[in-house]
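Structural characterization, general
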Amino acid sequence: METLCLSQSKITKIHDICEGYNNDSAELINILHATQGTFGFLPAEVQEVIASRLDIPVSKVYGVVTFYSFFTMTPNGKYPISVCLGTACYVRGAEKVLEELERQLDIKVGETTNDGLFSLDCLRCVGACGLAPVISIAGKVYGRVSPDKVKKILSEYYYQE
Amino acid sequence: MNAVKTTADLTRIRESLCTSSDLFDTNENSGQVEIKVSMATCGIAAGAREVNTYLSEIIEREQIKASIIRTGCMGYCYAEPTIEVKIPGEEPIVFGHVNKSKIDDIVFCYIRKGILPDDITWMKTGTAKEEDLSSKQLHIALRNCGHIDPESIDEYIKVDGYQALGKVVTEMSPDEAIKIIMDSGLRGRGGGGFPTGLKWQITRKSQADQKYVVCNADEGDPGAFMDRSILEGDPHSIIEAMTINGYCTGASKGLVYIRAEYPLAIERLKIAMQQAREYGLLGENIFGTDFSFDIEIRYGAGAFVCGEETALIHSMEGKRGEATVKPPFPSESGFKGYPTNVNNVETYANIPLIIRKGAEWFSRIGTAKSKGTKVFALAGKVNKVGLVEVPMGTTLREVIFDIGGGIKDGKKFKAVQTGGPSGGCLTEKHLDLPIDYDNLLAAGSMMGSGGMIVMDEDDCMVAMAQFYLDFSVEESCGKCSPCRIGNKRLHEILQKITSGNGEEEDLEKLRNLAGVIKDTALCGLGQTSPNPVLSTMDNFYDEYIAHVNDKLCPAHQCRRLTQYFIDPEKCTGCTLCARACSVDAIKGERKAPHVIDPTLCVRCGACIEKCKFDAVYVH
Amino acid sequence: METVKVIIDRKELEVPKGTTILEAAKSIGIRIPTLCHMKLEDLNYENNPGSCRICVVEVEGRRNLAPACKTECTEGLVVKTYTSRVMNARRTVMELILSNHPFECLTCSKNGYCELQTIAHDLGIREVRYTGEQSVFPIDRSPSIVRNMNKCIMCRRCETMCNEIQTVGALTAVHRGFEAAVSTAFEKDMTGSTCSYCGQCVSICPVNALSGRNNQQEVLNALADPDKIVIVQTAPAVRAALGRDFGFEPGTLVTGKMVSALRYLGFDYVFDTDFAADLTIMEEGTELLHRLSDYLKGDKEVKIPLMTSCCPGWVSFVEQHYPDLSSHLSTAKSPQQMFGAIAKNYFAENLGVARDKIVVVSVMPCLAKKYEASRPEFAVDGNPDVDISIYTRELARLIRYANINFEELPDSDFDRPLGESTGAAIIFGTTGGVIEAACRTAYELYTGKRLEQIDIEELRGLEGIRSATIDFNGLPLKIGIAHGLGNARKLIEEVRNGTSPYHAIEIMACPGGCIGGGGQPFHKGNMKVLRKRASALYQADRDKTIRRSHENPYIIQLYKEYLGEPCGALSHKLLHTHYFDRKEIVGILDETKNEE
Ligand SMILES: Cc1cc2nc3c(=O)[nH]c(=O)nc-3n(C[C@H](O)[C@H](O)[C@H](O)COP(=O)(O)O)c2cc1C
Ligand code: SF4
Ligand code: SF4
Ligand code: SF4
Ligand code: SF4
Ligand code: SF4
Ligand code: SF4
Ligand code: SF4
Ligand code: SF4
Ligand code: FES
Ligand code: FES
Ligand code: FES
């Protein structure tokens, strides 16, 4: 069996998070949110630590992590991009925006650019349907996006670098 | 600190707040201009933060006596960012599409001189009040959204907030309060339309030493955003209603299950909970009675099925969000096996007003079997995309054309999808249908959570069905065979049809399969996921036939069935299209007619949008 | 009892409140097909997700069809189980399931025993109208279990078994929608999971998604190799179950026919694991007495209770979940491994051949034994003590393969010396048997008196957890027994808390013990079948003239000629083992080193 390793400080951090939820396995989803919020993603060893802390089989943790699309086991780009493919956005051309993003970044949905800056994902509705089509980059929501605006939006971030 | 121990305390606080600066009849005395900035997710995405900052600057600079209030969503999505300006003695005016230069105009023309500049989108508000039914809207659930600062409990108290709670816990028995809800005829706004009072009663009657009330704020229907707006704009009303619910059902604990995609709503809810606790409106001995109640937040993590109540409960228990067979219903055995009352955000938003104004008042609004109002998230190809709240019984035509301002770009109305992925497409012939739970169901759709997506002649109904199925396939929990495999097969057949490989027998297969999935799936997701297929087959069968027999997509949307051409007569050789084409499929000399290479063209449609001479066409 | 009246297919009947439509229908002879539903009363096992939807029926007044397995009868319910709407739905659902299932019946080891196949047949499926993308999973072959998730129908029986009954938690549902599957954490192979190889998931899987590892060909190869001496040993529980695959009544002992069949197959020596079971009692019984006497002397270090170690599923469970308590395990090897060690040493020396000329095949009720045989500490210079371990169903298949008409075979007897055994060894195959056998010997060795009441009834039965106190001449010896790992967990938790009242604990990973092993003919947890298997073993015990392990003449001879004394130096070398800490832990990284 391979040995997975984590630094003591990370383990302590995970323990603290679990402690904050009384090590209650019913709070698993909140705990995973908090942990992903801290580390950016949920690699296997992190799930192992959570499982042993909550005294549940690690398979259960993994079953939950893979059920919810919000959780990820691979690190995202520095600026994760989410394209809303909800209905309102779809009928207003979200697919074309997505294609343009794929073209500009030269990656497919679910991938991260080689420079690690951007990763691309889809989600269903951020609740800003009124501004459809909508994309969000690192938590910032952009409304009324059209394919020809994509380049300009991305350049904001390239500029920051 | 303002601790509320009795109803008298609440009244005292309210009165002291009202005299200092009244909210409704207002700033007459103070002479202050009141500016409200719509600061919900939608507004912020459109630039409300920048607007807010600029407004503060200019007011400071120009030394205008004005206060700026950050409110929730005003509902005019199409015009975001929006601000409302109320000059003492005048009707408030909402300005839309606000930016720096428009703010300048508003400040210098309107606020300074009282002149309404006509190159700015503006509308009168106050129109959604009960007295004025001519506006077609009636705001009950949205009553405070866009009017008060959601981060201030005082503002909520000023508009009679927590009065209903006080009344219930100090003057009524749980049964009396439940009776009001029952008599009001309120039905669940989360989709099912189950009578709310009855649900409360069942939970009340379930024997257990612990009970829970849950607010379902998962709002999974892509295209619906009323729950977010309510939570961002009026979080206290939900806290108040849940507490009333707790008192009525005998629960001491409330849980809000909210999707993680709503950070602002979460933040505002947390602030509101904290404030309520400080005021003693949450926690031990509410209003000095022996009733105690508190609320916790649980996050969703991106799974539509977790809106379904049994799946939601599993998710709150830290498990995979799989649905379970009902009965037992959550009201009998829910969270951790205890009786659990699950209600939707909008359902809750109605409660305080029903308690305050009475069952009779509420039941006068709406139709025979559907009382009150319903909030719709009007989106898609309408001019005035936004949140609308109308009395039950309003027709689709009124919503889409009168309130929504008709179809965008003067196109032809084709269909409206209500109920999201569980609903169906309604057509021209349904436009005069009074909207209520039963009518929509009879017409082959659903109320659902209130998403309303309008489609025009450019939308392909087969592709639309495929889109919804794609959603259901992705969101199925995978527990039961008809939904796990059946939806996948439905989707594959639709895919086959939209890519031009459909055969006539596929239509028969589609119908049978859709019927069986509805008939056999375990939970509401699978039981309704074939609706978009069935309703488009019922209403747009000719489009299916066109795809299958003629290998044509009448709306030119299905890429495999369309081809782009340039009319050499019309083309001026301006090269715009060629430059827009990302795959270099367009060849041609400057000033000479261009041609599209169909083997390279990926049918993205960019050229058609760029051509100013209408030379590009699809077939 | 409150009852309700219902009408099913126009028949009126009265059933207790809470009865499901499925049960009610069954009581009037209507068999509604089921796939996901499985209820094993005696085991307290219930898998009732209501998810396959093959059992749907029409209920008057209900909008959609109802799952019969999950819908309770209420007063006045009118049910139709056989209408065109129902049948079309069932057939369509079955076609959907089949549309994501490989059509490999002819080459599938479940062929003929497969529930999916049977229902498809009953529903008259002749064509699958719905086709499309199929799930593709790599096949996972562990030493014991093969997981072919391409055949999984997501009934989730295995998940329930592994989590709720065995409490191992190796299996879980992962992903969602069409991608949903049952897998291990991080979708590793079984070898990288916490699986104990008890095989209980295999024994209830309706299809061939979970199956035992097949080693038949290796046996055939060994038999065909003229340079090898091929020895077979058969575990006690096999003889009580093998007949099931040849149409014998449950619990028919087919020992004689089995021995004949093995000879016919070409084994050079047909021996009995029971011999090694007697040996185990000598070693384990002695170990118990040693620990007890130290304990009574007031030694605080001695690990009491002593826990049996003859079940490799249980041993794995301890190593993975309770490594801190592994010193409570008896160090005695399991009978399979004791047999292998004796065969490859004592017997090989007697024959005057090198150990690698001998191939030891064992026939076990068990999948964990395959894994056990492969553990490196049970090999000398890479040559394992037990070369190939096959399970009962594999033996049945080999018998068919070799054209043997099993039903008609005459009886014959095991070879000597390693074929002689006592009644005590035979009852090893059922829960409580090991400890009963150990008591018979330990009592007499400890007290020096004859045990009059040799059938120790207090230790028998099929309740999940049992306990008894045996009077050892004034010393009340407290004994705990559990079968099924979930029950075992309860006892071992007490040990961990220091609240365990016992001196000795017997644990078997499988329900009923080895009679319910994962390699046995499918009993699907039917306790009636298990009871019959158990009583067959107790009968065989009674039929034996020698019923105490220490009276087995060949065992006495073995100690005299070769081993010396129980728990002596040579015994220790050959017959005892040690345990490992296999708990998955996350190591701590040295932060001074660069991590990312
Ligand atoms: C697939 C599915 C998704 C659902 N999503 C939601 C949702 O996002 N929000 C909601 O309030 N109700 C949702 N519901 C309905 C809930 O199951 C439940 O009926 C509702 O929350 C009850 O509250 P109400 O009676 O106040 O409507 C969903 C139902 C199904 C079957
Ligand atoms: S209908 Fe779909 S979402 Fe509901 S239980 Fe079945 S698989 Fe899960
Ligand atoms: S449709 Fe798109 S790919 Fe095709 S020619 Fe026009 S711009 Fe190029
Ligand atoms: S944009 Fe229109 S006019 Fe210009 S080259 Fe293209 S087709 Fe011709
Ligand atoms: S599992 Fe059953 S249905 Fe599937 S291939 Fe094997 S025998 Fe056939
Ligand atoms: S029944 Fe016929 S088709 Fe089937 S295996 Fe036998 S010979 Fe072949
Ligand atoms: S063999 Fe036993 S422990 Fe392993 S997965 Fe199956 S049930 Fe779980
Ligand atoms: S592996 Fe077998 S028992 Fe487990 S879910 Fe799949 S079909 Fe059912
Ligand atoms: S009880 Fe028997 S069959 Fe089951 S794992 Fe243990 S030794 Fe094997
Ligand atoms: S559909 Fe895109 S934000 Fe709602
Ligand atoms: S303006 Fe807020 S939702 Fe539309
Ligand atoms: S047996 Fe009833 S749903 Fe599977």
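Treat the numbers as computed from the prediction; the structure is a model and nothing was measured. (Residues numbered from 1 in each chain as written. Chains lettered and ligands numbered in written order. Predicted model: local features only at pLDDT ≥ 70, side-chain atom pairs only at ≥ 80, totals over all residues. Heavy atoms only, no water.)

Comments concerning the overall build of chain C
The number of helices and strands found in chain C is 18 helices and 23 strands. Over its C-alpha trace chain C gives a radius of gyration of 26 Å, about what one expects of a compact globule, namely 25 Å for 596 residues. Across its three principal axes, chain C shows a C-alpha extent of roughly 80 × 70 × 55 Å. When the 596 residues of chain C are sorted by exposure, 64% land in the buried category. Put simply, of all contacts in chain C between residues at least 6 apart along the chain, 73% involve residues at least 24 apart. Taken as a whole, chain C presents about 22,800 Å² of accessible surface, with 49% of it coming from carbon and sulfur. Where the 69 positive side-chain charges of chain C centre and where its 77 negative ones centre are 5 Å apart. (Helix = DSSP H or I, 4+ residues; strand = E, 2+ residues; numbered from the N terminus. Rg over C-alpha atoms; globule rule 2.2 N^0.38 Å. Buried < 20%, exposed > 50% of the residue type's maximum accessible area, 1.4 Å probe, protein only. Contact = heavy atoms within 4.5 Å. Areas by Shrake-Rupley, 256 points an atom, 1.4 Å probe, with all protein chains shown as cover. Lys, Arg positive; Asp, Glu negative; His and termini not counted. Charge placed at Lys NZ, Arg CZ, Asp CG, Glu CD.)

Focus: the packing of helix α10 (residues 235-249) of chain B against helix α13 (residues 345-357) of chain B
All names here are of chain B. Contact geometry for α10 and α13: axes closest at 8 Å, N-to-C directions at 75 degrees. The angle between α10 and α13 places the two elements in the roughly perpendicular class. For the pair formed by α10 and α13, the contact residues are S237, I238, E240, A241, M242, I244 and N245 on the first element and V345, Y348, A349, I351, P352 and I355 on the second. For the contact of α10 with α13, a count of residues per class yields 10 nonpolar, two polar and one charged. (Axes fitted to C-alpha atoms, helices over the stretch in contact; angles between N-to-C directions. Parallel < 35°, antiparallel > 145°, perpendicular 65-115°, else oblique. Nonpolar A, V, L, I, M, F, W, Y, C, P; charged D, E, K, R; others polar.)

Section: the domain arrangement of chain C
All names here are of chain C. Here the domain parsing of chain C yields domain 1 (3-99) and domain 2 (216-575). Domain 1 puts four residues into the contact, and the matching count from domain 2 is five residues. Of the roughly 400 Å² buried between domain 1 and domain 2, counting both surfaces, carbon and sulfur atoms make up 73%. Between domain 1 and domain 2 we count zero salt bridges in total. Here domain 1 is connected to domain 2 by zero residue pairs in polar contact (both at pLDDT 80 or more). Partitioned by chemical class, the residues of the side of domain 1 that touches domain 2 number three nonpolar, no polar and one charged. (Domains from an automatic or database assignment. Buried area = accessible area lost by both parts, 1.4 Å probe. Salt bridge = Lys/Arg side-chain N within 4 Å of Asp/Glu carboxyl O. Polar contact = N/O pair within 3.5 Å; in protein donor to acceptor, adjacent residues only side chain to side chain.)

Comments concerning the interface of chain C and chain A
With 27 residues of chain C in contact, the opposing surface of chain A contributes 27 residues. Interface area for chain C against chain A, summed over the two sides, is near 2,200 Å², with a carbon-plus-sulfur share of 57%. Contact with chain A buries area across many residues of chain C, yet F186, E584 and V586 of chain C alone supply 30% of it, more than any other trio. On the surface where chain C and chain A come into contact, there are one salt bridge.

Some thoughts on the confidence of the model for chain B
All names here are of chain B. Overall, the predicted model of chain B reaches an average pLDDT of 92, with 96% of residues at or above 70. A low-confidence stretch, residues 22-28 (pLDDT under 50), is modelled with 15 contacts involving residues beyond four sequence positions or located in other chains. Taken as a whole, residues 126-133 scores under 50 in pLDDT and shows 12 contacts with residues more than four places along the chain or in a different chain. (pLDDT = per-residue confidence, 0-100.)

Thoughts on the sheet that holds strand β13 (residues 424-427) of chain B
Residue and element names in this part refer to chain B. With respect to topology, five strands assemble into an open sheet ordered β11-β10-β14-β12-β13, the strand pairing being mixed. Unpaired on one side and paired on the other, β11 (386-391) and β13 mark the two borders of the sheet. Averaged over all adjacent pairs, the angle separating strand axes in this sheet is 30 degrees, with direction ignored. Note that strand β10 (residues 373-380) and strand β14 (residues 451-456) share four bridges and pair parallel. Considered in β14, the bridge of A379 is made with I453. Against the sheet, helix α9 (residues 226-233) touches β10, β11 and β14, its axis set at about 115 degrees to β10. Relative to β13, helix α21 (residues 531-539) is tilted by about 25 degrees, and along the sheet it contacts β12 (413-418) and β13. (Pairing = 2+ DSSP bridges.)

As for empty space enclosed by the protein
In this structure the tally under the stated criterion is 13 cavities of 30 Å³ or more. Here the largest cavity defines a volume of roughly 140 Å³. Lining the largest cavity are 16 residues, with N100, S135, M149, C152 and M154 of chain C sitting closest to its centre. Put simply, the parts of the chain that give the lining of the largest cavity at least two residues each are α18 (481-498) of chain B together with β11 (181-183) of chain C. For the lining of the largest cavity, the per-class residue count stands at 11 nonpolar, four polar and one charged. (1 Å grid on protein atoms, 1.4 Å probe; cavity = no way out; pocket = protein on both sides within 12 Å on 5 of 7 lines; lining within 4 Å. Points joined across faces, edges and corners; volume = space filled by probe spheres on them.)

Concerning the interface of chain A and chain B
Taken together, the contacts link 38 residues of chain A with 61 residues of chain B. Interface area, chain A with chain B, both sides summed: about 3,800 Å², of which 55% is carbon and sulfur. Where chain A packs against chain B, one counts three salt bridges. For D24 of chain A, the salt bridge identified is with K336 of chain B, shortest N-O distance 3.9 Å. For the pair chain A and chain B, the number of links is 20 residue pairs in polar contact (both at pLDDT 80 or more).

Things to note about the pattern of salt bridges
Residue and element names in this part refer to chain C. Counted under the stated rule, the structure contains 80 salt bridges over all chains. Among the ionic pairs, R460 bridges to E457, the shortest N-O distance being 3.7 Å. Exposure remark for R460: the relative accessible area of 11% places this residue in the buried category. Among the residues examined, E457 registers a relative accessible area of 48% and is labelled partly exposed.

Observations regarding unusual backbone geometry
For the peptide bond that leads from A132 of chain A to P133 of chain A, omega is -5 degrees, which places it in the cis range. Summarising the element assignment, P133 of chain A is placed in the loop between β3 (118-123) and β4 (135-137). For the bond from E80 of chain B to P81 of chain B, the omega torsion is -5 degrees, close enough to zero to count as cis. Counting through the fold element by element, P81 of chain B comes out in the loop between β2 (66-71) and β3 (83-86). Phi angles above zero are rare outside glycine, and Q63 of chain B is one such case at about 50 degrees. Looking at where Q63 of chain B falls in the secondary structure, it is placed in the loop between α3 (48-62) and β2. Of the residues examined, Q63 of chain B reaches a relative accessible area of 69% and is grouped as exposed.

Digging into the side chain of K344 of chain C
All names here are of chain C. Mapped onto the secondary structure, K344 falls in helix α10 (residues 335-351). In this structure K344 comes out as buried when scored by relative accessible area, which is 2%. Of the polar contacts made by the side chain of K344, one reaches the backbone oxygen of P384; its length is 2.7 Å. Ignoring sequence-local partners within four residues, the contact set of K344 consists of R355, I358, V360, N383, P384, D385 and D387.

Observations regarding the pairing of strand β8 (residues 294-299) of chain B
Residue and element names in this part refer to chain B. Here six bridges tie strand β7 (residues 253-258) to β8, and the two strands are oriented parallel to one another. In the strand pairing of β8, K253 is matched with D294. Between β7 and its parallel partner β8, the chain crosses via helix α11 (residues 263-278), and the hand of that crossover is right-handed. (Right-handed = clockwise from strand over helix to strand, strands pointing away.)

Quick look at the site of ligand 4
With respect to spatial proximity, 13 residues lie near ligand 4, and among them C571, C574, T575, C577 and C611 of chain B are the closest. For the shell around ligand 4, the class distribution of residues is nine nonpolar, four polar and no charged. (Near = heavy atom within 4 Å.)

Structural notes on helix α8 (residues 196-205) of chain B
Structurally, the α-helix is built with 3.6 residues per turn, so residues lying three or four positions apart point the same way. Every buried residue of α8 of chain B is accounted for by T196, G197, K199, W200 and T203 of chain B. Viewed along the axis of α8 of chain B, the buried residues span an arc of 160 degrees, placing them on a single side of the element. (Arc of directions from axis to C-beta.)

Quick look at a positive patch on the surface
On the surface, R579, R590, K591, K610 and K612 of chain B cluster together into a patch of positive charge. Tracing the chain through its elements places R590 of chain B in the loop between β16 (586-587) and β17 (595-596). (Patch = residues over 30% accessible without salt bridge, like charges linked within 9 Å, V, L, I, M, F, W, Y side chains within 5 Å.)

A word on a nonpolar patch on the surface
Residue and element names in this part refer to chain B. On the surface, M182, F194 and L198 cluster together to form a nonpolar patch covering roughly 230 Å² of accessible area. Inspection of the secondary structure assignment puts L198 in helix α8. The partly exposed category is assigned to L198, whose relative accessible area is 33%.

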